[in-house]
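So the chains spell out like this:
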Amino acid sequence: MGFYKFLLTRLLTFILVVFIGITTVFFVPRFMPSDPVEAMIGKMTANQAFMEPEAIVTLRETLNESFGLEGSVLQQYFGFVKRVILTQDFGPSLASYPIPVNELIARALPWTMGLLLISTLIAWLIGNVVGLLAGFRKDKAYSKALEGVSIVIYPIPYYILSLILIMLLSYIFPIFPLTATFQGEGFTWEHIRSIVYNSILPALSMILVGTGWWVISMKTLSSGIAEEDYVQFARLKGLSERKIMTKYVLPNAALPQVTMLALQVGSIFNGALITEILFGYPGIGTLIYQGILQADYNLIMGTITISIVAVAGATFIVDFLYPFFDPRVRYK
Amino acid sequence: MSKMKRLTTGLLLMAVLLSACTGGGNNGPEPTGGAGGGGADGGNEPAGTEAAGGGGGGKMTDVGTPRSETLIVDILGGRSPDPERFNPYVPGAVAMDAGVHQLMFSNLWEIDTQKGTQIPDLAATFPEPLDDTNTKFRFKVQEGLAWSDGTPFTAHDVEFTSKMISETKELGWNGYYTSLVKSMKAIDDYTIEVETVNPETRLSQKLGVVIWGNNFRVMPKHIWENEDPATFKFPDPIGVGPYKLSKRDPQGNWFLWEKREDWQKSDIGKLVGEPGPKYILFKYFGPEEKRIIGMIQHDMDILQDITPESWDVLKQKNEYARAWYQEFPYATMDDPCERGMSFNTAKEPYDNPDVRWALALMTDIKNVSMATFGGMLRVSPIQLPPIQVLQETYHKPMLDWLKDFQLEDGYKPFDETYAEGIVDMLKQQGIEGLPTDPQAIADTFGVGWWKYDPDKAAQLLEKNGFKKDGDKWLLPSGEPWTMTINAPANFEVQSMRLAFAVADSWRKGGIDVNVQQMEGASFWDSESTGAFEIGSYWPACGLLPDTTANMTGWHKQYIVPIGEQAPGNRNRWANDRVSELLDELDGLKPDDPKVVRNITEINQEFVKGIPFLPMFGTSKFVPVDTYYWEGYQTSEDAFEGPWWWWSQFKFYTPHLKPTGR
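Here is what the cut-offs are and how they apply
- Residues numbered from 1 in each chain as written.
- Chains lettered and ligands numbered in written order.
- Predicted model: local features only at pLDDT ≥ 70, side-chain atom pairs only at ≥ 80, totals over all residues.
- Heavy atoms only, no water.
- Helix = DSSP H or I, 4+ residues; strand = E, 2+ residues; numbered from the N terminus.
- Buried < 20%, exposed > 50% of the residue type's maximum accessible area, 1.4 Å probe, protein only.
- Contact = heavy atoms within 4.5 Å.
- Buried area = accessible area lost by both parts, 1.4 Å probe.
- Salt bridge = Lys/Arg side-chain N within 4 Å of Asp/Glu carboxyl O.
- Polar contact = N/O pair within 3.5 Å; in protein donor to acceptor, adjacent residues only side chain to side chain.
- Nonpolar A, V, L, I, M, F, W, Y, C, P; charged D, E, K, R; others polar.
- pLDDT = per-residue confidence, 0-100.
- Pairing = 2+ DSSP bridges.
- Right-handed = clockwise from strand over helix to strand, strands pointing away.
- Expected span 1.5 Å × (residues − 1).
- UniProt positions renumbered as here; feature names shortened; annotations may be inferred.
- Patch = residues over 30% accessible without salt bridge, like charges linked within 9 Å, V, L, I, M, F, W, Y side chains within 5 Å.
- Areas by Shrake-Rupley, 256 points an atom, 1.4 Å probe, with all protein chains shown as cover.
- Axes fitted to C-alpha atoms, helices over the stretch in contact; angles between N-to-C directions.
- Parallel < 35°, antiparallel > 145°, perpendicular 65-115°, else oblique.
- Lys, Arg positive; Asp, Glu negative; His and termini not counted.
- Charge placed at Lys NZ, Arg CZ, Asp CG, Glu CD.
- Core = buried A, V, L, I, M, F, W, Y, C linked by side-chain atoms within 4.5 Å.

K.L.:
Could you give an account of the side chain of Ser148 of chain B, naming the residues involved and the relevant values?
P.N.:
All names here are of chain B. Tracing the backbone shows Ser148 in the loop between β5 (136-140) and α3 (155-167). The exposure class assigned to Ser148 is buried, which follows from its relative accessible area of 16%. Residues within four places of Ser148 in sequence aside, it is in contact with Ile238, Gly239, Lys244 and Arg260.

Printed below as a string of structure tokens:
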């Protein structure tokens, strides 16, 4: 009975979070002092394309009609909620009309998922191993060296670190491409090779920055746990240091790290804006950025709704799975 | 232990896989040979794949074409979300400046920016009126041209396009087009007759290129007649231009164009000659830092619109890089829009011309020029950009009037010594290569601007009830005078920097000035709805001596209340005389001598009312790399301007030749 109550509570929380999230996502862009139609006209005229006043008036009318921006905000809101819930359709992108937002997201998502999932997992793995060693065997020279490197890299602003990598590995030693250029299409060796080759540098930048955080947090956790009574008791029992580290310290220190990892995996759907722009990598981050710049309501709503659902979903799953990892936690 | 081993083995395997993917450090596909002996004589060695086997090989681009046969061009507008959509009549199409209108699509009439005249392109002649009503016209289209799929291009394609736009309400251009053109009929394969809704005197300007491009793009009837124009993607586009689409990035970051085998049947083949490059790759490189590195590495031949600081780096690191001028000021100053401060004349206290004039006289223009673009700017005191053609037609002929112009109290604000002054300032900073001849100095830096006279500015303000409280100005109401200048946030760099430089000058004058940087959507929306006090906008463009079309928007009929979207006249400045002159201009043919007289008078009205405070023409740094290609237009060989993002790009291509590297 406790399990079902727990499940129901978490499910309701999930639904409430998603509902509040998408409602906010609908209204916030509309409070911005910008208009997608004006943005498009502005973009056209900024290109020095000459437009007569009459042309602007008629273009504005046509675009307003096409974009579905007519009617009151409430009418638009109910239409949006109905559309999203019933058909998961976010409508056309306003800046890239008439391309459906779903199509843009579907195109960008695999790139974001591929890059961020792999780099997050690698950073998590390396960071936790190094952090564990640094926390548990803090007197060893290699632990100090690994921790030192991580602490030095971690505070470097991501933009600067990425530029350093670009300068080093694309300019001074031109091993990797300056900007991503993908060859081939589909599931061909040429395409896969091209994706891997073009993704190394952005992935490396994210791993370097991500690892630092995991090292620091894992070190703090493991060094604290290493001083716990049950760990001291294990030592007195004569267990080997390796066994104590892997069987006593690691499982306890890993729990919050797993939670954080789950939340980070959820936030992958936000994309990695700076990475995508700096390395010319296609993904969700760039979509969100373009959506905001061009007041593309539908694109903003589509990308952020997916992100909200992903983070809320990840939290829900973590809540649900936690008792499996930690026997102290019960479905209550 | 075994787990650790498996993990280590897995990581090693991944490392091996990744190193295999990098091809041992080589960049891109294997070479297939090509022109050029390889190897650079000086400068930076280009990165990338070099052919094995000695001097017969050549570098390949990362899209698999020989570098020596490929011109690489920066895409100004970024990536295109849907690289399959080439329907130019829907907003989500591939960006026109990704090579689409530069190389493939063609316009009826193009522009010669050096002469300031329109020239035929797909049309062989200009519209000739068939009667006195100015509503019926006839023009010929070029004979012997073909679409890139081999189908002949005829007047029927033009007629079809016209009908398609008129009958498809979903197209953004439908409303305007139907208010302009009643019908377009092909009389035979090469003759078109047009009937307009109202009397027209500038049909070729409205359906042809004046600046950048034109939205009337002729589509192939044999492909489009069976499609719905509102939804058709046109994924395999064709045009009458000299290049055809060869490959595209599914992510929309690059587009590879290949010279047509039958280039003789393209517009350029007939009108100019054979284009030089076999391939032209339009590629989005990302932020400015990467674009600069790209050109330093000779991985990009044409860069669009960079900052003066980036140009400094580029010219030091790449000895083959060239800007428009060989020496200072390097940048071209013939861009057809000028920059300055735009006043919302519907808001107090900017509704008062004395206040606007006070702000003009409070502007230390030399220091503003230095702070904006290091002095590499040409001033303009009138409502037209100081480009060569317009300087000769308006700025110089108006010089005597400007010198004699007086404010109400007889004060003469014009300062014709600006150019000499800025040259002295630049000399003091150690800048070399500056012009010495007075005429050349004025041609480079402008005919003059308004005096920097804070005392006179103070007098004008005091006359209108403003008071000084210490160093700060108070409004007539007694409240502190604070103002906000809208500025672009990290786009249109010159306008962005100008806002900060002007704000600094006005702060020194005692006004509390805030610069509000805004992203594109908000920036434009604020201008349109009048939600601004002063903005770093640029409502003064022109290229042809007949700038009627660019000025039409200033008619008082386009003024709407604050809060509503304005179709034109976003400064909300009502001037009866300007409106009368615009009405009169509408009925005059472009070559009527009265056109220049009327436009000159309009400029005089603008000087008196100063709704927009023009400051500088736009300086564009559009460097080229002469490592792989030569023959680019420069100030010494100015067969055209460096407008690489305009539709007239295709006209430059026959001038470009490989260097043999």
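K.L.:
Give me the interface of chain A and chain B: which residues, what numbers.
P.N.:
Across the contact, 69 residues belong to chain A and 75 residues belong to chain B. Between chain A and chain B, roughly 6000 Å² of surface is buried when both sides are summed, and carbon and sulfur atoms account for 60% of that area. For the salt bridge of Arg107 of chain A with Asp82 of chain B, the shortest nitrogen-to-oxygen distance reads 3.5 Å. Where chain A touches chain B, the interface holds eight residue pairs in polar contact (both at pLDDT 80 or more). The dominant element in the side of chain A that touches chain B, judged by the number of residues it contributes, is helix α3 (residues 53-66) of chain A, at eleven residues. Of the residues assigned to the side of chain A that touches chain B, the class counts are 43 nonpolar, 15 polar and eleven charged.

K.L.:
Give a detailed account of the confidence of the model for chain B, specifying residues and quantitative values.
P.N.:
Here chain B averages 90 in pLDDT, while 91% of its residues score no lower than 70. Counted against residues more than four places away or in other chains, residues 1-56 of chain B, with its pLDDT under 50, gives 86 contacts.

K.L.:
Break down the pairing of strand β18 (residues 512-518) of chain B for me, with residues and values.
P.N.:
Residues and elements named next belong to chain B. Here strand β17 (residues 482-488) pairs with β18 via seven bridges, running parallel. When the sheet's bridge partners are listed, Asn486 is paired in β18 with Gln516. On the question of chirality, the crossover connecting β17 to the parallel β18 by way of helix α17 (residues 493-508) is right-handed.

K.L.:
Give a description of the side chain of Glu492 of chain B that names residues and reports values.
P.N.:
Inspection of the secondary structure assignment puts Glu492 of chain B in the loop between β17 and α17. A distance of 2.8 Å separates a polar atom in the side chain of Glu492 of chain B from a polar atom in the side chain of Arg339 of chain B.

K.L.:
Can you tell me about the sheet that holds strand β7 (residues 191-196) of chain B, naming the residues and giving the values?
P.N.:
Residues and elements named next belong to chain B. Strands sit in the order β4-β5-β7-β6 across an open sheet of four strands; the sheet is antiparallel. Looking at strand neighbours, the two that pair on one side only are β4 (128-129) and β6 (181-188), the edges of this open sheet. Note that β5 and β7 share five bridges and pair antiparallel. Note that in β7 the partner of Lys140 across the bridge is Thr191.

K.L.:
Explain helix α1 (residues 2-31) of chain A to me, and be specific about the residues and the numbers.
P.N.:
Residue and element names in this part refer to chain A. A rise of 1.5 Å per residue sets the reference length of α1, with its 30 residues, at 44 Å; its end C-alpha atoms lie 43 Å apart and thus fit the reference within 8%. Among all positions of α1, only Phe6, Val18, Gly21, Ile22, Thr23, Val25, Phe26, Pro29 and Arg30 are buried. Looking at the buried side of α1, the elements it contacts are α4 (73-87) and α13 (297-325).

K.L.:
Break down helix α14 (residues 418-428) of chain B for me, with residues and values.
P.N.:
Residues and elements named next belong to chain B. Within the span of α14, buried status applies to Tyr418, Ala419, Gly421, Ile422, Val423 and Leu426. Of the surrounding secondary structure, the elements contacted by the buried residues of α14 are α11 (365-373), β13 (414-415), α15 (438-445), β14 (449-450) and β21 (612-620). At the C-terminal side of α14, Gly430 shows a positive phi close to 85 degrees.

K.L.:
For the pattern of salt bridges, give the residues involved together with the corresponding values.
P.N.:
As enumerated under the stated definition, the model contains 43 salt bridges over all chains in all. Residues Glu103 of chain A and Lys233 of chain B are paired through a salt bridge, measuring 3.9 Å at the closest nitrogen-oxygen approach. Taken together, the residues Glu103 of chain A in helix α5 (residues 101-136) and Lys233 of chain B in the loop between α6 (221-224) and β8 (243-248) connect one chain to another. According to the relative accessible area criterion, Glu103 of chain A is partly exposed, its value standing at 27%. The salt bridge partner of Glu147 of chain A is Lys219 of chain A, with a shortest N-O separation of 2.8 Å. A residue pair is termed long-range when its members are at least 10 positions apart, and Glu147 of chain A in helix α6 (residues 141-153) and Lys219 of chain A in helix α8 (residues 189-225) qualify at 72 residues. Lys219 of chain A sits in the partly exposed class, given a relative accessible area of 25%. Overlapping salt bridges, with partners in common, bring together Glu103 and Arg107 of chain A together with Asp82, Arg85 and Lys233 of chain B in one network.

K.L.:
Report on the UniProt feature "transmembrane region" (unreviewed entry) in chain A, specifying residues and quantitative values.
P.N.:
Residue and element names in this part refer to chain A. The UniProt entry lists residues 7-28, 111-136, 156-176, 196-216, 253-279 and 299-322 under the feature "transmembrane region" (unreviewed entry), expressed in the numbering used here. Here residues 7-28 is 100% helix and 0% strand, with 31 Å between the C-alpha atoms at its ends. What you have in residues 196-216 is 100% helix and 0% strand, and the ends, taken at the C-alpha atoms, are 29 Å apart.

K.L.:
Residues and numbers for a nonpolar patch on the surface, please.
P.N.:
Residue and element names in this part refer to chain A. A cluster of nonpolar side chains, contributed by Tyr159, Ile160, Ile164, Leu273, Ile274 and Tyr289, occupies part of the molecular surface with about 470 Å² of accessible area. Broken down by secondary-structure element, the contributors of at least two residues to the nonpolar patch are α7 (158-172) and α11 (273-279). The element that contributes the greatest number of residues to the nonpolar patch is α7, accounting for three residues. The residue Tyr159 is located in helix α7 in this model.

K.L.:
Quick rundown of the packing of α14 of chain B against α15 of chain B? Include the residues and the values.
P.N.:
Residue and element names in this part refer to chain B. For the pair α14 and α15, interaxial distance at closest approach is 9 Å and the crossing angle is 90 degrees. Taken together, the axes of α14 and α15 lie roughly perpendicular to each other. Of α15, the residues touching α14 (which contributes Tyr418, Ala419, Glu420, Ile422, Val423 and Leu426) are Ile441, Ala442 and Phe445. When its residues are assigned to classes, the contact of α14 with α15 shows eight nonpolar, no polar and one charged.

K.L.:
Any chance you could break down a negative patch on the surface for me, citing the residues and the numbers?
P.N.:
Together, Glu61 and Glu65 of chain A together with Glu170, Glu227 and Asp228 of chain B make up a negatively charged patch on the protein surface. Looking at where Glu61 of chain A falls in the secondary structure, it is placed in helix α3.

K.L.:
Hey, could you go over the UniProt feature "domain: Solute-binding protein family" (unreviewed entry) in chain B for me, with residue numbers and the actual values?
P.N.:
According to UniProt, the feature "domain: Solute-binding protein family" (unreviewed entry) maps to residues 119-536 of chain B in the numbering used here. Helix makes up 33% of residues 119-536 of chain B and strand 19%, whereas the separation of the span's terminal C-alpha atoms amounts to 33 Å.

K.L.:
An account of the nonpolar core is requested, with residue identities and associated values reported.
P.N.:
As a rule of thumb, nonpolar side chains are buried together in soluble globular proteins. Among the nonpolar cores identified, the biggest contains 246 residues, and Leu359, Trp481 and Trp506 of chain B are the most heavily contacted of them. With eight residues, α5 of chain A is the single largest residue contributor to this core. With residues up to four places along the chain from it excluded, the contact list for Trp481 of chain B reads Pro349, Tyr350, Val355, Leu359, Leu461, Phe466, Trp473, Leu474, Leu475, Ile511 and Asp512 of chain B.

K.L.:
Could you give an account of the sheet that holds β8 of chain B, naming the residues involved and the relevant values?
P.N.:
Residues and elements named next belong to chain B. Spatial ordering of the open sheet is given by β1-β10-β9-β8, a layout of four strands whose pairing is mixed. Edge positions in the sheet fall to β1 (70-74) and β8, since each has one partner strand and no second. Sheet twist, expressed as the average angle between the axes of neighbouring strands with direction ignored, equals 25 degrees. With five bridges connecting them, β8 and strand β9 (residues 254-259) associate as antiparallel partners. Across the sheet, residue Leu245 finds its bridge partner in β9, namely Trp257.

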